[in-house]
Amino acid sequence: MVQRSGDERRDHERIRQFGEEAEVSVIVVGLPISLDGSEGPAARMTREEIARLAKVVAVPIETFDERLTTVSAERDLQAQHVRGQARRRVVDKVAASVMLQAWLDAQRRGGSAQQS
């Protein structure tokens, strides 16, 4: 996960470098779909940024529904008795790992996890 710096170009370059160093074959990006299944402004902005990122990286970019990943992450952290500020510092990272695990599970089942 790359922490945003406020400079999209620099962030995309960091993603490219990380991908090359880690020899990734695909980049998975969470798509913020509304609870009713529609794509609102956040999802549209995400897709626009993905289009810009695709010009920088040499591997495919797939989106995956990130609905409820933060809720799941919060529950996991609460179950581990992580409290308050400590939980707020890591919840996005845990949510990203929840989403990535769901994507991997979908790949193992042979179904297409791609939602792009």
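Calculation notes
- Sequence order as written defines residue numbering, which begins from 1 separately in each chain.
- Local features in this predicted model are restricted to residues of pLDDT 70 or higher, and side-chain atom pairs are both shown and tallied only at a pLDDT of 80 or more, whereas totals for entire chains, interfaces and linings draw on every residue.
- Note: side-chain values were computed over all heavy atoms of the structure, leaving out hydrogens and water.
- Residue-level confidence of the predictor is what pLDDT reports, using numbers from 0 through 100.
- Strands are runs of DSSP state E lasting at least 2 residues, helices are runs of H or I lasting at least 4, and numbering of each runs from the N terminus.
- Axis definition: a line fit to C-alpha positions, over the contact stretch in the case of helices; interaxial angles, taken between N-to-C directions, run 0 to 180 degrees.
- Should an angle fall under 35 degrees it is taken as roughly parallel, and over 145 as roughly antiparallel, whereas 65 to 115 is taken as roughly perpendicular and any remaining angle as oblique.
- We call a crossing left-handed when the near helix sits turned anticlockwise from the far one by less than a right angle, and right-handed when that turn is clockwise.
- Contacts between residues were defined by any pair of non-hydrogen atoms, one from each residue, lying within 4.5 Å.
- Residues are grouped as follows: Ala, Val, Leu, Ile, Met, Phe, Trp, Tyr, Cys and Pro are nonpolar; Asp, Glu, Lys and Arg are charged; every other residue, Gly included, is polar.
- To estimate the expected span of a helix, count its residues, drop one, and scale the result by 1.5 Å.
- Accessibility here uses a 1.4 Å probe with only protein chains present; expressed as a share of the type maximum, an area under 20% marks a residue as buried, one over 50% as exposed, and anything in between as partly exposed.
- The arc under discussion is defined with respect to the helix axis, by the directions toward the C-beta atoms.

Draft legend 1. Seen up close, the confidence of the model for the protein chain. Summary statistics for the protein chain give a mean pLDDT of 88 and a share of 94% for residues scoring 70 or more. Considering each helix and strand of the protein chain separately, the mean pLDDT is smallest for helix α3 (residues 69-79), with a value of 84, and largest for helix α2 (residues 41-54), with 96.

Draft legend 2. Spotlight on the packing of α3 against helix α4 (residues 84-108). Two elements in contact, α3 and α4, have axes separated by 8 Å at closest approach and are oriented at 120°. The angle between the axes of α3 and α4 places the two elements in the oblique class. For the pair α3 and α4, the crossing hand works out as right-handed. On the side of α3, the interface is formed by Thr69, Thr70, Ser72, Ala73, Glu74, Asp76, Leu77 and Gln78, while α4 contributes Arg87, Val90, Val91, Val94, Ala95, Val98 and Met99. Residue composition of the contact of α3 with α4, grouped by class: eight nonpolar, four polar and three charged.

Draft legend 3. Examining the packing of helix α1 (residues 8-22) against α2 more closely. Contact geometry of α1 with α2 gives a least axis separation of 10 Å together with a crossing angle of 60°. Overall, the two elements α1 and α2 adopt an arrangement that is oblique. Both α1 and α2 take part in a crossing whose hand is right-handed. Of the residues in α2, those touching α1 at Glu8, His12 and Ile15 are Glu49, Arg52 and Leu53. For the contact of α1 with α2, the per-class residue count stands at two nonpolar, one polar and three charged.

Draft legend 4. Geometry of α2. In a regular helix each residue adds 1.5 Å, so 14 residues correspond to 20 Å; α2 covers 20 Å between its end C-alpha atoms and thus fits that length. Looking only at α2, the buried set comprises Ala43, Thr46, Glu49, Ile50 and Leu53. For α2, the buried positions fall inside an angular range of 125° around the axis, keeping them on one side. With respect to the buried face of α2, the exposed residues turned more than 90 degrees away are Pro41 and Met45.

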